[in-house]
Structure formats: C-alpha cells, structure tokens
Amino acid sequence: MTGAVVSHLLQSTLFAGAVALVTLGFRRNGAKVRFWLWFCASVKFCVPFSLLMMLGNEVVWAPARGSIAVRMGAPVMRLVASPMGLPADTVVGATTARPETRGLAAFAWLGVWGLGLAGVAWVRFRDWGRIRAALRASRPVDVAAAVEVRCAPGLLEPGVVGLVRPVLLLPQGIAEHLTPAQLRAVVAHEVCHVRRRDNLYAAIHMVVEAAFWFHPLVWWLGARLVEERERACDEEVLSLGGDPREYAEGIVSICKLYVESPLACVSGVTGANLRKRIEAIMANHRTRALTFTQKAVLTFAGLLVVAAPLVLGVMNAPLARAQTAAPRFEAAAIRSCSGMPGLKGGAGYSVSDGRLNTGCMSLAEADHTGLIQRAYVRFAGGQQHRTGLLPITGGPEWIRSERFDIEARADGQPSEDLMQGPMLQALLEEQFRLKIRRESRAVAVYALTVEAGPSRLKAFAAGSCVPMPLKMPLPELPAGQEYCKTRVGVQPPTVDAQGSTLAEFAQMLDLVLDRPVVDRTGLGGQYDIHIRFGVSEATPRYLPGGDLARFVDAAQSRNAPSIFAALQELGLKLEPAQGSREFLVVEHVERPTAR
C-alpha cells in the first residue's frame, strides 16, 4: 500500500513538472490555456495511472485469447528438487514465507494524514461559515449584471459565492469609492468568473489540497491556478473594451479598502500577484491565439497521457490476471524416478485435499498424458477439458523419456482442477524453466464425414452413465451407476466414446491414427460409439515399435476389420484432407536441480 502511494506521488510530481515545462511554450498565449494545464496537473493527483491500467486490464486483447492458457493466479513456490539418481528420502520440502503484516509505522502515518486532513477541512469550513454569514446578512442591489448581485456589510472584497447558483457579493458602499467605469470593470471581472465556473474548479483543487496537504507542490499549484484564472478574467475584460487605466485603478482602490477573500473557492478581484497583474493590464498586450501546431501538440499530449496507461493495461492484462489472488503451493518436492521398476506412466497419480502427487510421469508422454498436456491443455484455466489434446513438439528427448515424481502441498483448499492446471503450470515454469507456446500448422488430416443413407449411429440415452472425471483414482459410484466408457483399448484395439459428440469422437481417433481427425459430419447430439479395428499402417502406435504394440494380440488383430471399415459400418468415413492443427512448442526447458 505504501509503495503504491509513493509511486502515485512520484508520478503526479513528475507530471506537474512536465506541465510546468509545457506552460513555458504557451507564455505568450492566453492565460486560460495555462490555467487548464495547471488544472490538469491538479486533477492528476486524484487519478492514478494505475487506475487507467486497471481499466485497460478489463479489455480482452485478441492475442491474449490465443495464449496457451489463462493462468488464474501465478503461485509463487519454493521447491527442492532431488539430484538425478538420489533416493527419495534425500528430498526435503521447503515452504514459502508468508506476507508480512502492516507495521506500526504505516498506522502512524495514516493517523498523521488523518489529522492533517481534518485540520485543512476545519479551516475551510470555518472560513466558509464566515462567507455564509455575510451572505445571510446581504441584501439585493440593483447592479446590471448577468448574475444575482447582493450587497453585504463588512470588509470582504467583491467576489462570487456558490457553485450551483453563484451570487456576486459586493461590499456595502463600494459604489461610493469607485467610479461607474471602475465598478463596471470590476463587475465584468466577476461575471467572467461565473462564466468560467472558477468556483467549481477551485473547489476541486481544494479537495486535492485537503487530501495531499503534506505535499508542497499541491499548494504551489493552487497559487498558479489563482494567478492564471485572474489573468484570464483580466484579459477577457480588456478584450470586451474595458479601459485599462480605469480597470487597474479600480483594482487598486479595492485593495486599499478591503481585505482578500479568506476562502479559496470564492473568486475575487484582488487575487494573484497584483503587481504583475497591474503591469499586464496597463501593457494591454494582445494574447496570441493557439496555432494549429500548438493545438495538435496539446491534443497529442492529452491523448498520450490517457492512452498510454490504458494500452499498458491492455498489453499486461494476462499478466495482471495471473497476479490476482489465488491458492498456491506452500511446499513441494520433485525427484527423478526414471528406471525405478513399476513406477511409470503416472502410476500413483493422485490429487485431493490440497495435495498433488503426479506419480512417475514425464513432461511429454507419448500417449498425451504427460505433465505438460495436463497443465496446459486438460486443465488449462483451472477447468477440465476432456478432448482437444495437442501434440507436443520441440525440446530435448529427455522430456519424453525421463520421469519425475512431484509432491506438492497447497496453502488452503484450492480446487483439484486449479492444482492440476494453473498451479502445475507455474511449478513447471519455475523449476524446469519451461517456456512453451501455441502454434498452428497446416498438416495432412482425416476428415470425418457421413456416408449417404440413414445414420446407423446409436443415440446416447441421457442418464444411462456418469461422465468420467479426469481424476485418478476414480471415485466410487453408488450401486446401479457406472461411468461412461470413453477410452482407447489395446487388447483388442478399440475406441469407446459413450455419451460423446462426434467432435469429441474425432479427437479420440487422434490417439490411434497417423494424422489428426477433423469432424466435418455436421451432426450434433451425443452418441454411444464403439468400434473394434485391426492394426494397419494407419494406426502406427499398435505396430511393432509403437508404444502399444506389446499389448496387441496379433491373431485378434488379423481377424478385425480396418479402422476405415469399422467406421463405415456406422455410416461414417475418413477421407484424406488438408487442415490446420495446433501444437504446443517447447522453446526451452531445463532439468530441475537441487537447492
């Protein structure tokens, strides 16, 4: 919190310094231009750039939608990785340090700030009470002006009072001390304040002064605003034909007779540096209108000030969302289990009660069950995605051959999907230095289409089975219920897709065929699909040398139809085609090291 306040104060100070430099380039132009520049510097104290960046964070940028996964929180963790080959009992977990609570210094500063705020507010309300008392004691007076004019006793200078319905308050007997021309000039000056709504802008800056009373720059900005608003009204009075000498003498006479208004939001006639004002009035120099170049510079600068934080917020939206509060692993350990008998293929994988144990699993298993696939695809964004597995390319060979056992404990009770997705992503990126991207490539595919004639697909009976969760071990079901069969079998080679859409079935065929399958059937709904097929060149994983070959019964395979023929029995067919396929590309990865 303290860091954010200091950053905002630094930004506002630098912004005011930049405005001061800009005003030098407009010193020959009208005072109203410089007034608005100083007012922008004042308002900047109320508008942190971080607020604009937060607005930008809410914009969904197109490239962000194409990112690998929404991180849903970037867990910060400390892991201890065992050296390759060390036994499991050498692994020791490490915990992260918890955030520190606010110190007494922060509360002390808050108390001092509150006292200063109350002090400034009390002074303002006290002085405003004096103005209100003068207003109640006033009476209407017949003076030609575009605003209500009242006369009040006392030694207050002429000034405009009020925000919604401003009133010009004149001291009693002022007409006896000014000539008619001088009085007309003074009234014209005050009417100019009304047209410019100077009381409103003064009140806004009063809020800034109260909130940032400790910053000298804020009070300096207030003096600049008063100076430029008075000079702007002087310039307008003279532009309307007022006599410079009469006008200057009227201001001097008022200064001799009355004190200045005690309230900053009451626009008077004697404010700012009187000597400079009188000299400027008597010189009566014509101010230069803004040139096209100056207007363009001001417009560009204004757009830049507003747009730059918004653009940064849009560009950093995925990162900002990643840094939102989310459960994280409090402790974790990682070890190598390559070569250990009976530990491979994710044996022992479990997740429950804030704990994740991956079992022995490689980063990129050949059967799409590796850690990368689970973290970036199956549980991307902290949600289950049953289909749409993506091939993984790039990276050294060891990400497919070496296996690791990761045990992690979460702080709190995050969901199982969150631990297996965003939190596992953060673990891989931190400990394996994993850098990965999504890439689309044009590849040869099979188009799944429908043959002519009536459909022979079996419609799914809703409620006949329970969708199988992506969890190991599977939870037990009540008696009479069973999980839907969605699996690829190996003995004999089969594909079961119970309660699946044809798009999901096509993605299951990806796991057995030599190229991706794209659903082009145009059929909706869910179906119960079961096919048994024989091994051929189109199913390379079942051939000698494939990772499923050792499970295949050659005799059974010879007696089964090809996968193409098996699909035709259901009224479906596969046709070679060209299409687009997304890949996960491993750009960088390192073996974890002990700490």
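Use the structure listed above.
What to know about the state of the cysteines
- The final tally for this structure, using the stated rule, is two disulfides.
- Covalently, Cys337 is tied to Cys360 through a disulfide, its sulfur atoms 2.0 Å apart. One end of the pair, Cys337, is in the loop between strand E8 (329-336) and strand E9 (350-352); the other, Cys360, is in strand E10 (residues 355-361), and 23 residues separate them in sequence.
- Given a relative accessible area of 1%, Cys337 falls into the buried group.

What to know about the packing of aromatic side chains
- Under the counting rule described, the total for this entry stands at 15 aromatic pairs.
- Both rings, one in Trp36 and one in Phe39, keep their centres 5.8 Å apart while their planes meet at 90°; by these two values the pair is edge-to-face. Taken together, the residues Trp36 and Phe39, both in helix H2 (residues 31-44) and three residues apart, mark about one turn of the helix.
- Classification of Trp36 as partly exposed rests on a relative accessible area of 38%.
- With 5.2 Å between their ring centres and 90° between their planes, Trp38 and Trp220 make a pair best called edge-to-face. Pair noted here: Trp38 is in helix H2 and Trp220 is in helix H8 (residues 216-239), with a separation of 182 residues, a long-range link.
- These aromatic residues form a ring-pair network of at least three members: Phe45, Trp109, Phe212, Trp213 and Phe214.
- The positively charged end of Arg374 is found above the aromatic ring belonging to Tyr349, 4.3 Å away from the centroid.

A look at a nonpolar patch on the surface
- Taken together, Leu163, Val164, Leu200 and Ile204 make up a surface patch of nonpolar side chains, about 370 Å² in accessible area.
- Here Val164 is to be found in the loop between strand E5 (159-161) and strand E6 (167-171).

A short note on helix H5 (residues 104-136)
- Over its 33 residues, H5 extends 47 Å from the first C-alpha to the last, a length consistent with the 48 Å expected when each residue adds 1.5 Å.
- In the core, the buried residues of H5 are packed alongside strand E4 (148-152), E5, E6, helix H7 (198-211) and H8.

Some details on the side chain of Gln182
- One can find Gln182 in helix H6 (residues 180-196).
- For Gln182, a relative accessible area of 6% corresponds to the buried category.
- Setting aside anything within four residues of it in sequence, one finds Gln182 in contact with His177, Glu246, Glu249, Gly250 and Ser253.

Here we look at the environment of Leu572
- Topologically, Leu572 is positioned in strand E19 (residues 572-588).
- Beyond its immediate chain neighbours, meaning those up to four positions away, Leu572 contacts Leu448, Thr449, Val450, Glu451, Leu457, Leu502, Phe505, Thr521 and Leu567.

Let's talk about the sheet that holds strand E11 (residues 392-394)
- Read across the sheet, four strands follow the order E11-E19-E13-E17 without closing on themselves; strand pairing throughout is mixed. The open sheet is flanked by E11 and strand E17 (517-519), the only strands paired with a single partner. For this sheet, the mean inter-axis angle between neighbouring strands, taken without regard to orientation, is 40°.
- Pairing of E11 with E19 involves three bridges; the strand directions are parallel. Bridging across to E19, Ile392 finds its partner in Leu584.
- With respect to the sheet, helix H13 (residues 371-378) is in contact with E11, strand E13 (435-450) and E19, its orientation differing from that of E19 by roughly 105°.
- Contacting E13, E17 and E19, helix H16 (residues 502-509) runs over the sheet at an angle of about 175° to E17.

Concerning the pairing of E10
- Across the seven residues of E10, five count as buried, placing the element largely inside the fold.
- With antiparallel pairing between neighbouring strands as the criterion, E9 and E10 make up a hairpin whose turn holds two residues, including Asp353 at a positive phi of roughly 50°.

Quick look at the environment of Val466
- Here Val466 lies in the loop between strand E14 (458-459) and strand E15 (486-490).
- As for Val466 and Glu482, which are separated by 16 residues in sequence, their C-alpha atoms are 6.1 Å apart.
- Setting aside chain neighbours within four positions, we find Val466 in contact with Leu477, Gln481, Glu482, Tyr483 and Cys484.

A word on the pattern of salt bridges
- By the definition in use, this model includes 19 salt bridges.
- The shortest N-O distance in the salt bridge between Asp405 and Arg335 comes to 3.0 Å. With a gap of 70 residues between them, Asp405 in strand E12 (residues 404-410) and Arg335 in strand E8 connect regions that are remote in the sequence.
- On the basis of relative accessible area, Arg335 is assigned to the buried category, the value being 19%.
- Here Glu451 and Arg456 are joined by a salt bridge, their closest N and O atoms 3.9 Å apart.
- One network of salt bridges, in which partners are shared, links Arg437, Glu439, Arg441 and Glu587.

Cut-offs applied
Residues numbered from 1 in each chain as written. Predicted model: local features only at pLDDT ≥ 70, side-chain atom pairs only at ≥ 80, totals over all residues. Heavy atoms only, no water. Disulfide = S-S within 2.5 Å. Helix = DSSP H or I, 4+ residues; strand = E, 2+ residues; numbered from the N terminus. Buried < 20%, exposed > 50% of the residue type's maximum accessible area, 1.4 Å probe, protein only. Phe/Tyr/Trp six-rings, centres within 6.5 Å; stacked < 30°, edge-to-face > 60°. Lys NZ or Arg CZ within 6 Å of the ring centre and 35° of its normal. Patch = residues over 30% accessible without salt bridge, like charges linked within 9 Å, V, L, I, M, F, W, Y side chains within 5 Å. Areas by Shrake-Rupley, 256 points an atom, 1.4 Å probe, with all protein chains shown as cover. Salt bridge = Lys/Arg side-chain N within 4 Å of Asp/Glu carboxyl O. Expected span 1.5 Å × (residues − 1). Contact = heavy atoms within 4.5 Å. Pairing = 2+ DSSP bridges. Axes fitted to C-alpha atoms, helices over the stretch in contact; angles between N-to-C directions.

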